[in-house]
Amino acid sequence: MRTSIYRVAAAALLAFGCVSQRGWSRDPVTVGAIRWDAWHTPVSAAEHGGAGGPVKAVEASLNPRRYRWRAPFFARVGTNDTLRIDGYTQEIVDREIAYAKAGGIDYWAFLLYAEDNCMSQGLALYLSSKRRADVNFCAVASPSTFGGRATWEAGFSRIVRYMKEPGYQTVCGGRPLLYFFRPDEGWVKAWGGPDGARRLLDGLRAAAQSAGLKTPYVVVMDDGAADRVWRTAELFGAEAISDYARQANAAGAPYTELAGVARAFWEACAGTGAQVVPLAMAGWDRRPRVERPVPWETKWQKPGAGLDKFYALPAPGELAAHIGEALAWAEARPQQCPAQTVIVYAWNEHDEGGWLCPTLGDGGRPDDSRLRAIAEMRMKRAADWRRERAR
């Protein structure tokens, strides 16, 4: 059953013209997409401050009819006209892999939570999938991945275990790729100041090398100005800078302005002299969460406050063009972008407005138009690349 559903999920994109061998595999720049896996199976206890876990909070945010179409393709509208998201299964994650493969996504970057946290279910099901070889993966570690100095070793062990898995994304001739999500001053102080923070990554590198791996390529994701991001990266001894998401708090602005915010960030990062992984934005429209704040944001998000702050969602072609621009920008700057990769916000931040994952389409047919547009763009890039090298 899983095999047949996997084939059905891929069929629409394959029929569109994307070959199963990934015709864009000759594209010199890879595309990664961030995964924030709130779409887990509901839990009996309260996690992240809400009963049932984050899935129930995002389900409530997306329940108004004007937002339901954003929900992931495995959501359903019940007989009581209420949105239901019953969470991940192996079958669903296998279908996601099929869509990502056919849609031009080379790897997923999983934001890490504790292994026993419900937010880790998506990663666990990816790792147990028989289809996982079709899409690579890497980790987005956060300060809590390592905790205080007494728990560093456990954090190192977990990251290195993932890096040794088949299909872990590498760059720069085999170096495992690791994103580091927003290490703030409080954590740096807890780690013993700048020297302690550098020892943290030095310890991770040593653990990776002891396991027979090449030195990890660490990319700091931070939401500050580019020069501040680079100072943070230098403090840790990280190789490159990027961000998880970036926007300028505009009011009902067109998507082109959001793409421009991302582009300006690439240029600002390049201006620091740092190595860069360009961030592409699939959208930013938090209105579902603004109307119905999720439990982990209620300290600062009041219902309705900032409802005018959003960007229009992109047409599929607009999104593909923005990602294509990021790819071209990285390809043209091999010295500043030696990793030759682009990271996209996001695969599945549906209620914040950033998604590539197919959504709940009309008549139960998933809407995969964004992925189809990206696949078309990547096929064209690969064809152009082959023609250029055939001259």
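Values in this document were obtained by computation on a predicted structure and should not be read as measured data.

Let us now look at the overall build of the protein. A tally of regular secondary structure across the protein gives 14 helices and 16 strands. Among the 391 residues that make up the protein, the fraction classed as buried is 57%. Look at the contacts in the protein between residues 6 or more apart in sequence, and 74% of them connect residues 24 or more apart. In the structure as shown, the protein presents an accessible area of about 15800 Å², 51% of it carried by carbon and sulfur atoms. If the 50 positive side-chain charges of the protein are averaged to one point and the 43 negative ones to another, these points end up 3 Å apart.

With 16 residues, helix α13 (residues 316–331) extends 23 Å from end C-alpha to end C-alpha; this agrees with the ideal 22 Å at 1.5 Å per step. For α13, every residue scored as buried is listed here: Leu319, Ala320, His322, Ile323, Gly324, Ala326, Leu327, Trp329 and Ala330. Looking at the packing, one finds that the buried side of α13 touches β1 (30–35), α11 (255–271), β12 (275–276), β13 (279–281), β14 (341–345) and α14 (369–390).

Now for the packing of helix α7 (residues 152–163) against helix α9 (residues 193–210). The N-to-C vectors of α7 and α9 enclose an angle of 45°; their axes lie 9 Å apart at closest approach. When the axis of α7 is compared with that of α9, the two are oblique. In this structure, α7 meets α9 at a crossing whose hand is right-handed. Of the residues in α9, those touching α7 at Trp152, Phe156, Ile159 and Val160 are Gly196, Arg199, Leu200, Gly203, Leu204, Ala207 and Ala208.

Under the definition given, this model contains 24 aromatic pairs. When the centroid spacing of 6.5 Å and the interplanar angle of 70° are considered together, the rings of Phe110 and Phe137 count as edge-to-face. Taken together, the residues Phe110 in strand β6 (residues 107–111) and Phe137 in strand β7 (residues 136–141) connect sequence positions 27 residues apart. Classification of Phe137 as buried rests on a relative accessible area of 1%. With a centroid separation of 5.8 Å and 80° between ring planes, the pair formed by Trp191 and Phe236 is classed as edge-to-face. One end of the pair, Trp191, is in the loop between α8 (185–190) and α9; the other, Phe236, is in helix α10 (residues 226–236), and 45 residues separate them in sequence. Across the pair, Phe236 and Trp191 agree in class, each one buried. For Arg161, the ring lying beneath its charged end belongs to Tyr162, and the centroid distance is 5.5 Å.

Looking now at the pairing of β7. Here β7 lies mainly inside the structure; 5 of its 6 residues are buried. Here β6 pairs with β7 via 5 bridges, running parallel. Pairing of Trp108 across the sheet is with Phe137, part of β7. By the bridge criterion, 3 bridges tie β7 to strand β9 (residues 175–181) in an arrangement that is parallel. By the bridge assignment, Ala141 is partnered in β9 with Phe180.

Going from Tyr345 to Ala346, the amide bond is cis rather than trans, its omega being 0°. With a phi angle near 45°, Arg182 is a residue other than glycine that sits in the positive phi range. Residue placement: Arg182 occurs in the loop between β9 and α8. Not every positive phi belongs to a glycine, and Gln340 is a case in point at roughly 50°. Mapped onto the fold, Gln340 is located in the loop between α13 and β14. According to the relative accessible area criterion, Gln340 is buried, its value standing at 16%.

A word on the environment of Cys118. Within the secondary structure layout, Cys118 lies in the loop between β6 and α5 (121–127). Along the chain, Cys118 and Ala312 lie 194 residues apart, while their C-alpha atoms are 31 Å from each other.

Counting residues in each nonpolar core, the largest one holds 121 residues, and the members touching the most others are Trp108, Tyr179, Trp347 and Leu356. Here the element with the most residues in this core is α11; it accounts for 9 residues.

Taking 1.5 Å of rise per residue, 17 residues should cover 24 Å, and α11 covers 25 Å from first to last C-alpha, within 8% of that figure. For α11, the full list of buried residues reads Tyr255, Leu258, Ala259, Gly260, Val261, Ala262, Phe265, Trp266, Cys269 and Ala270. Looking at the buried side of α11, the elements it contacts are α10, β11 (240–242), β12, β13 and α13. A positive backbone phi angle near 90° is found at Gly273, which sits one or two residues after α11.

Rules of the game
Residues numbered from 1 in each chain as written. Predicted model: local features only at pLDDT ≥ 70, side-chain atom pairs only at ≥ 80, totals over all residues. Heavy atoms only, no water. Helix = DSSP H or I, 4+ residues; strand = E, 2+ residues; numbered from the N terminus. Buried < 20%, exposed > 50% of the residue type's maximum accessible area, 1.4 Å probe, protein only. Contact = heavy atoms within 4.5 Å. Areas by Shrake-Rupley, 256 points an atom, 1.4 Å probe, with all protein chains shown as cover. Lys, Arg positive; Asp, Glu negative; His and termini not counted. Charge placed at Lys NZ, Arg CZ, Asp CG, Glu CD. Expected span 1.5 Å × (residues − 1). Axes fitted to C-alpha atoms, helices over the stretch in contact; angles between N-to-C directions. Parallel < 35°, antiparallel > 145°, perpendicular 65-115°, else oblique. Left-handed = near helix turned anticlockwise from the far one by under 90°. Phe/Tyr/Trp six-rings, centres within 6.5 Å; stacked < 30°, edge-to-face > 60°. Lys NZ or Arg CZ within 6 Å of the ring centre and 35° of its normal. Pairing = 2+ DSSP bridges. Core = buried A, V, L, I, M, F, W, Y, C linked by side-chain atoms within 4.5 Å.

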